[in-house]
Amino acid sequence: MLEIIRDSNGIIQAVCEYYVVDVNGAYSSVGEWVWIEQMEFSSSVNGHGLGYVKQFIKNITAQVPWAKYGYFDRKKYRGRIRLYTREKWLSFTK
């Protein structure tokens, strides 16, 4: 799935690619896990993407209300996997 956030002029500011997967990481339309494949920000965001991350979390949890976990890897930290429960993930949006 692809989430896109645009500014008021329709210019893309951020994009997030994610998949709903089962416990083994295989695609499943009814999976309880959300794998964040990639998140990219426009250069105009200039390091201030936290608001967009919060918006992505809100959008994804609204579209996949049955998901219990969200996870992703951090390439800049040698692929360290980060795993969050739905409740913890949503707490970031407050």
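My aim in this report is to walk through the structure given alongside it, one point at a time.

Rules behind the numbers
- Residues numbered from 1 in each chain as written.
- Predicted model: local features only at pLDDT ≥ 70, side-chain atom pairs only at ≥ 80, totals over all residues.
- Heavy atoms only, no water.
- Core = buried A, V, L, I, M, F, W, Y, C linked by side-chain atoms within 4.5 Å.
- Buried < 20%, exposed > 50% of the residue type's maximum accessible area, 1.4 Å probe, protein only.
- Helix = DSSP H or I, 4+ residues; strand = E, 2+ residues; numbered from the N terminus.
- Contact = heavy atoms within 4.5 Å.
- Expected span 1.5 Å × (residues − 1).
- Polar contact = N/O pair within 3.5 Å; in protein donor to acceptor, adjacent residues only side chain to side chain.

Next up on the list: the nonpolar core. Counting residues in each nonpolar core, the largest one holds 15 residues, and the members touching the most others are Tyr18, Val34, Ile36, Ile60, Val64 and Trp89. Secondary structure elements with two or more residues in this core: strand S2 (12-21), strand S3 (33-41) and helix H1 (50-63). Counting residues per element, this core draws most heavily on S2, which supplies 4 residues. For valine 64, the residues in contact, after removing those within four places along its chain, are Tyr18, Val20, Val34 and Arg86.

Looking now at unusual backbone geometry. A positive phi angle, near 55 degrees, is found at asparagine 46, a position not held by glycine. The residue asparagine 46 is located in the loop between S3 and H1 in this model.

With 14 residues, H1 extends 20 Å from end C-alpha to end C-alpha; this agrees with the ideal 20 Å at 1.5 Å per step. Of the surrounding secondary structure, the elements contacted by the buried residues of H1 are strand S1 (2-6), S2, S3 and helix H2 (86-91).

With respect to the secondary-structure elements, glutamine 13 resides in strand S2. With a relative accessible area of 8%, glutamine 13 lands in the buried category. Residues in contact with glutamine 13, not counting those within four places in the same chain, are Ile5, Arg6, Asp7, Glu40, Phe41, Ser42, Ser44, Val45 and Tyr52.

The subject of this paragraph is the side chain of threonine 61. Position of threonine 61 relative to the elements: it lies in helix H1. Judged by relative accessible area, threonine 61 falls into the buried class, the value being 6%. Within the structure, the side chain of threonine 61 is placed 2.8 Å from the backbone oxygen of isoleucine 57, a separation counted as a polar contact. When near neighbours in sequence (up to four residues on either side) are disregarded, threonine 61 contacts Arg86, Trp89 and Leu90.

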